[in-house]
Amino acid sequence: KKLSQIVQAEQERRAGIGVTRFERSETLLSEAMKLWCDDLRIRNRGEKYIKDVERFIIIVSDHASWKQLTDITPEGFISWRSSNNSKAPKTLNEYLNALNAFLNWLVQRETISSNPLLRVPKCETRGYQKRVRRAFTSNELRRLISKSPEDRALVYHAAAYTGIRRGELESITWQDVQLDAEVPHIVIQAKHAKNKRTETIPLHPELVQKLVAKKSLGQNFITDENFLKKLREIS
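Procedures and definitions
- Residues numbered from 1 in each chain as written.
- Predicted model: local features only at pLDDT ≥ 70, side-chain atom pairs only at ≥ 80, totals over all residues.
- Heavy atoms only, no water.
- Helix = DSSP H or I, 4+ residues; strand = E, 2+ residues; numbered from the N terminus.
- Buried < 20%, exposed > 50% of the residue type's maximum accessible area, 1.4 Å probe, protein only.
- Areas by Shrake-Rupley, 256 points an atom, 1.4 Å probe, with all protein chains shown as cover.
- Contact = heavy atoms within 4.5 Å.
- Core = buried A, V, L, I, M, F, W, Y, C linked by side-chain atoms within 4.5 Å.
- Phe/Tyr/Trp six-rings, centres within 6.5 Å; stacked < 30°, edge-to-face > 60°.
- Pairing = 2+ DSSP bridges.
- Axes fitted to C-alpha atoms, helices over the stretch in contact; angles between N-to-C directions.
- Parallel < 35°, antiparallel > 145°, perpendicular 65-115°, else oblique.
- Nonpolar A, V, L, I, M, F, W, Y, C, P; charged D, E, K, R; others polar.
- Polar contact = N/O pair within 3.5 Å; in protein donor to acceptor, adjacent residues only side chain to side chain.
- pLDDT = per-residue confidence, 0-100.

Within the protein chain, the regular secondary structure consists of 10 helices and three strands. In sequence order, the secondary structure elements of the protein chain are arranged as α-α-α-α-α-α-α-α-β-β-β-α-α. Counting over 235 residues, the protein chain shows a buried share of 34%. Accessible surface, the protein chain: about 15500 Å² in total, of which carbon and sulfur atoms supply 49%.

On to the environment of Thr 125, then. If you trace the backbone, Thr 125 turns up in the loop between α5 (89-108) and α6 (138-147). Along the primary structure Thr 125 and Asn 93 are separated by 32 residues, whereas in three dimensions their C-alpha atoms are 8.9 Å apart. Leaving out residues up to four positions away in the same chain, Thr 125 has contacts with Pro 89, Lys 90 and Asn 93.

Trp 36, Ile 57, Leu 69, Phe 77, Phe 102, Leu 106 and Leu 117 are the most contacted members of the largest nonpolar core, which has 28 residues in total. Secondary-structure elements contributing two or more residues to this core are α2 (29-42), α3 (47-64), α4 (74-83) and α5. With nine residues, α5 is the largest single contributor of residues to this core. Excluding residues that lie within four positions of it along the chain, Leu 117 makes contacts with Ile 72, Thr 73, Pro 74, Phe 77, Leu 96, Leu 99, Asn 100 and Leu 103.

Following the criterion strictly, the structure yields four aromatic pairs and no others. An angle of 40° between the planes, with centres 5.7 Å apart, marks the rings of Phe 77 and Trp 80 as tilted. One end of the pair is Phe 77 and the other is Trp 80, both in helix α4 and three residues apart, which spans about a single turn. As far as the burial class goes, Phe 77 and Trp 80 line up, both buried. Taken together, the aromatic side chains of Phe 56, Phe 77, Trp 80 and Tyr 95 make up a single cluster linked through ring pairs.

Read from one edge of the open sheet, three strands run β1-β2-β3, paired in antiparallel fashion. Strands at the two margins of the open sheet, each flanked by one partner only, are β1 (177-178) and β3 (199-202). Here strand β2 (residues 185-188) runs beside β3; their pairing, made up of four bridges, is antiparallel. Within the sheet, the bridge partner assigned to Val 187 lies in β3 and is Thr 200.

Packed helices, taken two at a time, are described by the angle between their axes plus the distance between the axes. As a packed pair, α3 and α4 sit with axes 9 Å apart at the nearest point and diverge in direction by 100°. Comparing the axis directions of α3 and α4 gives the class roughly perpendicular. Contacts from Ile 59, Val 60, His 63 and Ala 64 in α3 reach Gly 76, Phe 77, Ser 79, Trp 80 and Ser 83 in α4. When the residues that make up the contact of α3 with α4 are grouped by side-chain class, the tally is five nonpolar, four polar and no charged.

Attention shifts here to the side chain of Asn 115. Note that Asn 115 resides in the loop between α5 and α6. Looking at Asn 115, its side chain comes within polar contact range of the side chain of Asn 100, at 3.0 Å. Dropping the residues within four chain positions of it, Asn 115 is found in contact with Asn 100, Leu 103, Asn 104 and Val 107.

With that settled, the discussion passes to the side chain of Asn 100. With respect to the helices, strands and loops of the structure, Asn 100 is situated in helix α5. Contact partners of Asn 100, with chain neighbours within four places excluded, come to Asn 115, Leu 117 and Leu 118.

A word on the confidence of the model for the protein chain. Within the protein chain, residue pLDDT values average 83, and 84% of them lie at 70 or more. Scored below 50 in pLDDT, residues 19-25 shows 17 contacts in the model against residues more than four places distant or in partner chains.

This part takes up the environment of Gly 163. Along the chain, Gly 163 turns up in the loop between α7 (150-162) and α8 (166-171). Measuring from C-alpha to C-alpha, the distance between Gly 163 and Ile 201 comes to 8.9 Å, with 38 residues separating the pair along the chain.

In this section: unusual backbone geometry. The phi dihedral of Asn 44 is positive, around 65°, even though this residue is not glycine. Take Asn 44: it is sitting in the loop between α2 and α3. Asn 44 sits in the exposed class, given a relative accessible area of 59%.

Following this line, the structure appears as structure tokens:
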């Protein structure tokens, strides 16, 4: 009887069907996904990332009629992808990445024995970008800064001259800005940095002048809250 169970489990594994103690009780995909999202929050993943991957999984599972973990198949995902081939290849890959992250987490927890989408190939992105990104030229950047309101111009200036990410830029206070140091710099605290390490970023002389003038007015490092709100919505 034991040998028969082992053979059956191996046959199901090869067919892409993972059977474990949780799946035998017909674990709902929605319940497993809630646990995963809770775990992501505990591990301090960004709320935007969590909501995005949750939305991606729900969209695909609704199309493929996945209710339980045992329902997840390569055919279901490929069917959804074929029905949405108007989306950019990069976007389609983001949906697959979200599902793989979720399923790999379930494998690590031994909720499923294998990831049924592990061998689903990604879309080719080279040569198929809908929007080819490029850096501003120096003249374009200066025109943008000169035409923007003062507070907003400082945000653009700081981002361009330091490379600081939006979330990091938003967290900066004057305590993090060392304008009187031999080499003026900004300190990005570890808890706000993407790599969770404290970073010291030197400042361009032109940016130093603008920050000195702003600090002398007793204002916060960034005061354009409406702009920051808009920036959060589009990033």
